[in-house]
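Residue-level listing of the chains:
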Amino acid sequence: MVAPALILMAGVAGYPVLYAIWLSLHQYSVITPGLSRFVGLGNYAEQLTSRAWWEAVRNTFLFTAISVPLELVIGIGLALLLNIAFRFRTLLRSIVLLPYAILTVVSAVTWRTIFDPDLGLVSTMLSSLGLTDAGVVWLGQSGYAMTVVILADVWKTAPFVALLVLAGLQVIPADLREASQIDGAGALRHFWSITLPLLWPAIALAMIFRTLDALRVFDLPFVLTRGAYGTETMSVLAYQTLRGNQLIGEGSAVSILTFVIVMFVSFLYIRFAGGNIRSVVKGGSR
């Protein structure tokens, strides 16, 4: 019964991975098309001893370690706000979720315009307040560039976290709040002792999705900085090596290494948060 689906998955997902592994074991000529030679694990050894690879790994995990917690905190706050019954709540929900509906490339171009050193909104405001000098190149300096990339990612994907957490809030019985109020529990105590434990499966699911997305982030740093000034992630390095430098074997090796890291992190999440994911599925099937 499941054989057709398995065959389709093998063709769509399995074949490209196997072909990328095959490419990564060869070195291809950039002068003569089709000319290649088998080098085994040479491309992997070259990348694992390369400074560019380890800088990309560091940039990727730095981006993930900062953006994901910020998205979780902001997303949970937005979900709690949107769960309150008030007038125009539906309209506010639509407005809050709007950034997630915008294409990532469009979002990146917008943020690049906002941080333009001459006409950008941020530079103009800070200069008028006397906080910075005019013409600060936000996307042309290490540190500043990564900060802008993180801000753009948090602005776009925090609504996604809010959407998942809001779905978790919707299934929490209202009588639990009434019971806690009768027992004299305040709002903070109710959130910490009742809402947060019941909400943890949804939070874990959001954390898994966002971490895996952050580890393979490509579009934001590529559009904003082309991977320069300390923003080159593993995916950007793979693209630059494969497409920009036309190093097919080396670029494929970077892609496979990225794939292995994401799979390893996925395994850790599923291993330690699998029970929370299953509780979400069971809760949704009732």
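What comes next is a walk through the structure. Not measured: the values here are computed from a predicted model. (Residues numbered from 1 in each chain as written. Predicted model: local features only at pLDDT ≥ 70, side-chain atom pairs only at ≥ 80, totals over all residues. Heavy atoms only, no water.)

Brief notes about the pattern of salt bridges
This structure, assessed with the given rule, holds five salt bridges. With a closest N to O distance of 2.7 Å, R210 and E71 form a salt bridge. Of this pair, R210 sits in helix α10 (residues 187-215) while E71 sits in helix α3 (residues 51-82), and the two are 139 residues apart along the sequence. Across the pair, E71 and R210 agree in class, each one buried. Across the salt bridge formed by D153 and R210, the nearest N and O atoms sit 3.1 Å from each other. Taken together, the residues D153 in helix α8 (residues 144-170) and R210 in helix α10 connect sequence positions 57 residues apart. The class for R210 is buried, based on a relative accessible area of 4%. Connected via shared salt-bridge partners are E71, D153, R210, D213 and R216. (Salt bridge = Lys/Arg side-chain N within 4 Å of Asp/Glu carboxyl O. Helix = DSSP H or I, 4+ residues; strand = E, 2+ residues; numbered from the N terminus. Buried < 20%, exposed > 50% of the residue type's maximum accessible area, 1.4 Å probe, protein only.)

Thoughts on helix α6 (residues 104-114)
Residues of α6 that are buried include every one of T104, S107, A108 and W111, and no others. Buried residues along α6 cover an arc of 100° about the axis, so they all sit on one side. At its buried positions, α6 is contacted by α8 and α11 (219-225). (Arc of directions from axis to C-beta. Contact = heavy atoms within 4.5 Å.)

Side note on the nonpolar core
If you look at the biggest cluster of nonpolar residues, it comprises 41 residues, and the most contacted ones within it are F63, L72, V165, L199, I203, L220 and L224. Secondary-structure elements contributing two or more residues to this core are α3, α6, α8, α10, α11 and α13 (248-285). A total of twelve residues in this core trace back to one element, the largest contributor, which is α8. Contact partners of L199, with chain neighbours within four places excluded, come to V165, G168, L169 and I172. Grouped together as the second largest cluster of nonpolar side chains are 14 residues, A20, L237, V254 and L257 included. (Core = buried A, V, L, I, M, F, W, Y, C linked by side-chain atoms within 4.5 Å.)

Quick notes on a nonpolar patch on the surface
Side chains of L62, I66, L70, V73 and I74 sit close together on the surface and give an oily, nonpolar patch of about 400 Å² of accessible area. Residue position: L70 is located in helix α3. Using a relative accessible area of 39% as the deciding quantity, one classes L70 as partly exposed. (Patch = residues over 30% accessible without salt bridge, like charges linked within 9 Å, V, L, I, M, F, W, Y side chains within 5 Å. Areas by Shrake-Rupley, 256 points an atom, 1.4 Å probe, with all protein chains shown as cover.)

Thoughts on the packing of aromatic side chains
Applying the stated criterion to the full structure yields eleven aromatic pairs. Taken together, a centroid distance of 5.0 Å and an interplanar angle of 75° make the contact between F222 and Y239 edge-to-face. Within this pair, whereas F222 is found in helix α11, its partner Y239 is found in helix α12 (residues 234-244), the two being separated by 17 residues in sequence. Taken together, the aromatic side chains of W111, F115, W138, Y144 and W155 make up a single cluster linked through ring pairs. (Phe/Tyr/Trp six-rings, centres within 6.5 Å; stacked < 30°, edge-to-face > 60°.)

What to know about helix α1 (residues 3-24)
With 22 residues, α1 ought to run about 32 Å at 1.5 Å a step, and its terminal C-alpha atoms sit 30 Å apart, in line with that. The sharpest bend along α1 measures roughly 40° and falls at G14, with the proline P16 sitting one to four residues further on. Restricting attention to buried positions, one finds in α1 the residues A20, L23 and S24. (Expected span 1.5 Å × (residues − 1). Bend = angle between axes of the 7 residues up to and from the residue.)

A closer look at unusual backbone geometry
Within the chain, R226 stands out as a residue other than glycine whose phi angle is a positive 60°. Among the secondary structure elements, R226 is positioned in the loop between α11 and α12. Looking at R226, the relative accessible area reads 52%, which means it is exposed. We note that Q246 has phi near 60°; this positive angle belongs to a residue other than glycine. For Q246, the position within the fold is in the loop between α12 and α13.

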